[in-house]
Amino acid sequence: MGRAILLDKVNIPGIQTFEVYRAHGGYTSAAKGLREMTPAQVQQEVIKSGLRGRGGAGFPTGLKWSFLDRKSDKPRYLVCNADESEPGTFKDRYLMEHLPHLLIEGLTLSSYALGVKTCYIYIRGEFRYLVGILENAIREAKKNNYLGEKILGTDFSLEIYVHPGAGAYICGEETALLESLEGKRGNPRIKPPFPAYKGLYNCPTVVNNVETLATVGPVITMGGDAYAKLGMGKSTGTKLMSACGNINKPGVYEVELGLPVEEFIYSDEYCGGIKNGRMLKAVIPGGSSVPILPADLILNTARGDSRLLTYESLAEGGFESGSMLGSGGFIVYDEDACIVRNTWNLTRFYRHESCGQCSPCREGTGWMEKVLYRIEHGKGRMSDIDLLVRVAKNIEGNTICPLGDAAAWPVASAIRHFRKEFEEHIKC
Amino acid sequence: MLKVIIDNIEIQVEEGTTILQAARMIGGKVVPPAMCYYSKLKDSGGKCRSCLVKVVKGSAKDPRPVPKLVASCSTPVQDGMVVENTLSAEVQEARKGVVEMLLINHPLDCPVCDQAGECDLQDLSFGFGMEETETIEPRREYPGIDIGPLIKLNMNRCIHCYRCVLAAEQLTKKRAHGMLYRGDTMEISTFIQTAIDNDFSGNMIDVCPVGALTDRTFRFRSRVWFLNPMDARRECGKCSGKVVAWMFGKEIYRITGRKDQFGEVEEFICNECRFEKKDINDWVIEGPRKIKRQSVISSNHYEQMKKGSIIHPIEGTTEPQE
Ligand SMILES: Cc1cc2nc3c(=O)[nH]c(=O)nc-3n(C[C@H](O)[C@H](O)[C@H](O)COP(=O)(O)O)c2cc1C
Ligand code: SF4
Ligand code: SF4
Ligand code: SF4
Ligand code: FES
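What comes next is a walk through the structure. Counting from 1, residues in each chain are numbered in the order their sequence is written. Here chains are named by letter from A upward and ligands by number from 1 upward, in the order in which they appear as written. Local features in a predicted model are, by the rule used here, given only for residues with pLDDT of at least 70; side-chain atom pairs are given and counted only at 80 or more, and totals for whole chains, interfaces and linings are based on all residues. The side-chain figures draw on all heavy atoms in the structure; neither hydrogens nor water molecules are used.

1. A word on the overall build of chain B
So, point 1. Working definition: helices are DSSP H or I runs of at least four residues, strands are E runs of at least two. Numbering for both runs from the N terminus. Counting secondary structure elements, chain B contains six helices and 15 strands.
So, point 2. Each radius of gyration reported is based on C-alpha atoms, and the globular scaling rule is 2.2 Å times the count of residues to the power 0.38. Radius of gyration (C-alpha) of chain B: 21 Å, near the 20 Å computed for a compact globule of 322 residues.
So, point 3. Once the C-alpha set of chain B is aligned to its principal axes, its extents read approximately 65 × 45 × 40 Å.
So, point 4. Counting every position in chain B, which comprises 322 residues, the buried fraction comes to 56%.
So, point 5. In chain B, of all internal contacts separated by at least 6 residues, the share reaching a separation of at least 24 is 62%.
So, point 6. Carbon and sulfur atoms form 51% of the exposed surface of chain B, whose accessible area is close to 15000 Å².
So, point 7. In summary, the charge assignment counts Lys and Arg as positive and Asp and Glu as negative, without counting His or the chain termini. Each charge is placed at NZ for Lys, CZ for Arg, CG for Asp and CD for Glu. Of the side chains in chain B, 44 bear a positive and 45 a negative charge, and the two mean positions are spaced by 2 Å. Only protein chains enter the calculation, and the probe is 1.4 Å; a residue is then buried if its accessible area is under 20% of its type maximum, exposed if over 50%, and partly exposed in between. Any two residues having at least one pair of non-hydrogen atoms within 4.5 Å are treated as being in contact. Exposure was quantified through the Shrake-Rupley algorithm and a 1.4 Å probe, taking into account, for residues, occlusion by the shown protein chains and nothing else.

Here is the structure:
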């Protein structure tokens, strides 16, 4: 099943270079967009495609673009969010490493549609080795007039800059990212105002994920309607899934949305089943921030339908029995995995990465971590389980940015589905 | 003008007014507690989450409720908005949760803390705190650092409200301190331990809602409720010279800005007035400062005194002023 439209050329030797990328049809969508279409038409195709943000929230990209304040006489910015730091998510890294020109092409088209003349790629600090790859691609594109002044002889000019972060997960949150890009401490901003009105340097700004922006090229090549035919319902097109954990074939896979989760886990085309013939125990389907689901609920919904890789199907059942597609970081646990230890480990991450601005997240992440540490190290009390539920509830929804929710959900869902395991930890 | 209803009380406000400001215009019980917002400091608020309220109706145009609780200090009023504070059980629950978060790492050393009696966190805990603690983990402790001869920093009591950082940034010429690190290890510190020495740095003491920043020239000299807060003024080239002189007999124990009913100073004052003018002859005493009736400071009935007289708090004798 499925059709690769992002990774179809990834195995061609030398595809990182401009010549090979160009020789295999690269930059034809940029040429088509800039020469034959108006910016509004490019945006219209993106709206028609139904493309949704691949950074985690799944917000419709065309709609986000339409919010951009076009009345302001200030410059507009496009910022590509390449901060990818969510545990379990490693798709943007793969894309940038192997197909840098696909991203550059998407940035060119998107900037054209948005009337942007300056675009930033904010890249995770630990991805330093990718900075050279991207900057090289930018240089090549410029030399060939696909970037820079008067691109392809049109009136459109664009500069792209790569800006590495300093190693903070929170700088992936779009407003913290903008603060960091401005050279400040990466504290998320209080919204409103939204970046579409007051973003980078108080100017109208669009922030999109790497994969989202890389998809714009193929959308223009095939047309929004054709893209929307891929996938299922409101989950159009294809999605990069980064699969890891106790599976035979960890890696980055492009799937057409609508693929059954069962097929994704067990088919040799994708994860190739659970390692060493063990049983599946649980899955975190969309990066560490989304709720964990036990085997029965990840394969089938509570209503008994088979669970599909779509935004809707994974969310079915809400917080009781569902989860989220998130960023597509698919973490698989086999029967030997310890949910308590895993939950403690994730909480350790969120405690370390909380920016500390707002009280529920600053204090709550630390508190949950300490309690989980105790449980994991044999010093738990039975009352700690309900305490954790209560602390998670007091964080959720009461914070400045969604990191608070992201820290609360893994704990709440682990206890909801694996309470027994916590109790056993405490008893023995 | 926009119409907003808070806890069933309607008020008209100007565009751009926040829910908290509107509630303050109404006054009384509907005002949410604010631990980080400070109307005189730009960009303050949004951080402590003690001011969360429920928006049950977004506006006349879009009546949908807002799904999450919102920080009233940083949410502008929309026309036709309906807000619940004391009426919403959800808000009371969440606020209880916020107070608990603020306290789990707080030393609760009120008995030896100079802020006791005028501490916003004490008030908040009294109003919304739980009687028991569920934490058994040790509380966070920071190594003490010296930030100069005038201001004492006790980081263990800090609630990370950012007010002092904003005050230093907005009132003084060069900010020499800020927030370091992140998450629950985040701390207020001076950059490379430089002393904070600047004409208006003392205002950080007044904006600090807790006992994290206190006046070194006053430290441990008296509990605030033994003192008589008196409005006083002097001619000053740097600030308005309008202060509160905290007195015991004829002696001035400390000088602070004049705080209003929401705990905010009316005007920021300079360090010379605050730290150097401790002689009664430096000041014209205007009369007793009005302090909330609920405050322990009011309980020594200093207000009975007439203008121009000074009361001795323990014996309760009045003596005429020279
Ligand atoms: C704590 C936190 C971390 C985030 N990290 C990333 C990230 O690394 N990459 C990313 O694309 N989006 C991240 N996001 C989501 C962004 O805030 C933003 O929604 C996204 O970049 C929008 O792009 P999209 O619409 O293309 O998905 C993060 C959000 C939060 C709350
Ligand atoms: S939720 Fe956490 S990360 Fe987000 S602003 Fe608050 S403290 Fe910072
Ligand atoms: S800061 Fe307030 S609550 Fe904390 S010890 Fe001092 S008086 Fe008590
Ligand atoms: S020292 Fe005081 S004013 Fe500064 S952040 Fe801490 S609590 Fe707020
Ligand atoms: S006063 Fe509103 S969040 Fe602190």
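2. A closer look at the site of ligand 3
So, point 1. Every residue lining ligand 3 is accounted for by B:His106, B:Asp109, B:Cys110, B:Cys113, B:Ala116, B:Cys119, B:Gln122, B:Arg157, B:Val210 and B:Gly211.
So, point 2. Tallied by class, the residues present in the shell around ligand 3 amount to five nonpolar, three polar and two charged. Any residue with a heavy atom positioned within 4 Å of a molecule or strand is treated as near that molecule or strand. Classification used: nonpolar for Ala, Val, Leu, Ile, Met, Phe, Trp, Tyr, Cys and Pro, charged for Asp, Glu, Lys and Arg, polar for all others including Gly.

3. So, the interface of chain B and chain A
So, point 1. With 34 residues of chain B in contact, the opposing surface of chain A contributes 34 residues.
So, point 2. When chain B packs against chain A, close to 2800 Å² is buried across both sides, 47% of that on carbon and sulfur atoms.
So, point 3. For salt bridges, the criterion is a side-chain nitrogen of Lys or Arg within 4 Å of an Asp or Glu carboxyl oxygen. Linking chain B to chain A there are seven salt bridges.
So, point 4. Whenever two N or O atoms come within 3.5 Å, that pair is a polar contact, provided that in protein one can donate a hydrogen and the other can accept it, and provided that, for residues adjacent in sequence, both atoms are side-chain atoms. Seen at the junction of chain B and chain A, the total is 23 residue pairs in polar contact (both at pLDDT 80 or more).
So, point 5. When contributions to the side of chain B that touches chain A are tallied by element, the ones reaching two or more residues are helix 2 (89-104) and strand 7 (177-180) of chain B.
So, point 6. The element contributing the most residues to the side of chain B that touches chain A is helix 2 of chain B, with seven residues.
So, point 7. Of the residues contributing to the side of chain B that touches chain A, the split by class is 17 nonpolar, eight polar and nine charged. Two parts placed together each lose some accessible area under a 1.4 Å probe, and the buried area is that loss summed for both.

4. Focus on the nonpolar core
Residue and element names in this part refer to chain A.
So, point 1. If you look at the biggest cluster of nonpolar residues, it comprises 120 residues, and the most contacted ones within it are Met96, Leu103, Leu107, Ile121, Ile123 and Ile160.
So, point 2. Residue contributions to this core peak at 11 residues, all from helix 18 (residues 403-427).
So, point 3. Those residues in contact with Ile160 that sit more than four places away from it in its chain are Ile104, Leu107, Cys119, Ile121, Ile138 and Leu147. Only buried residues count toward a nonpolar core, which is a set of Ala, Val, Leu, Ile, Met, Phe, Trp, Tyr and Cys residues joined through side-chain atoms within 4.5 Å.

5. Let's talk about the state of the cysteines
So, point 1. The criterion for a disulfide is a pair of cysteine sulfur atoms lying within 2.5 Å. Under the criterion given, the structure shown has zero disulfides over all chains.
So, point 2. Of all cysteine sulfurs in the structure, the one in A:Cys80 sits closest to A:Cys119, which takes part in no disulfide; the separation is 6.7 Å.
So, point 3. Unpaired in this structure, B:Cys239 has its nearest cysteine sulfur neighbour in B:Cys270, at a distance of 3.7 Å.

6. Comments concerning unusual backbone geometry
All names here are of chain A.
So, point 1. A cis geometry characterises the amide bond from Lys191 onward to Pro192, with omega recorded as -5°.
So, point 2. Tracing the chain through its elements places Pro192 in the loop between helix 8 (174-181) and strand 4 (205-209).
So, point 3. Residue Pro193 is reached from Pro192 by a cis peptide bond, and omega for that bond is 0°.
So, point 4. Along the polypeptide, Pro193 turns up in the loop between helix 8 and strand 4.
So, point 5. Of note, the phi angle at Tyr201 is positive, near 50°, even though the residue is not glycine.
So, point 6. Following the sequence through the fold, Tyr201 ends up in the loop between helix 8 and strand 4.
So, point 7. The class for Tyr201 is partly exposed, based on a relative accessible area of 43%.
So, point 8. Phi is positive for Asn202, which is not a glycine, with a value near 65°.
So, point 9. Along the chain, the position of Asn202 falls in the loop between helix 8 and strand 4.
So, point 10. Judged by relative accessible area, Asn202 falls into the partly exposed class, the value being 42%.

7. What about the packing of helix 16 (residues 359-376) of chain A against helix 17 (residues 383-395) of chain A?
All names here are of chain A.
So, point 1. Angles here are taken between N-to-C directions and fall from 0 to 180 degrees, while the axes themselves are lines fitted to C-alpha atoms, restricted in helices to the stretch in contact. Following both chains from N to C, one finds helix 16 and helix 17 inclined at 160°, their axes separated by 10 Å at the closest point. Judged on the interaxial angle alone, helix 17 and helix 16 are roughly antiparallel. Crossing angle aside, the handedness with which helix 16 passes helix 17 is left-handed. Touching Pro360, Cys361, Gly364, Thr365, Trp367, Met368, Val371, Leu372, Arg374 and Ile375 of helix 16 are Asp384, Leu387, Leu388, Arg390, Val391, Ala392, Asn394 and Ile395, all from helix 17.
So, point 2. Here the contact of helix 16 with helix 17 is built from residues that sort into 12 nonpolar, three polar and three charged. By the definition adopted for this analysis, an angle is roughly parallel if under 35 degrees, roughly antiparallel if over 145, roughly perpendicular if from 65 to 115, and oblique otherwise. Take the far helix as your reference; a near helix turned counterclockwise from it by less than a right angle gives a left-handed crossing, and one turned clockwise gives a right-handed crossing.

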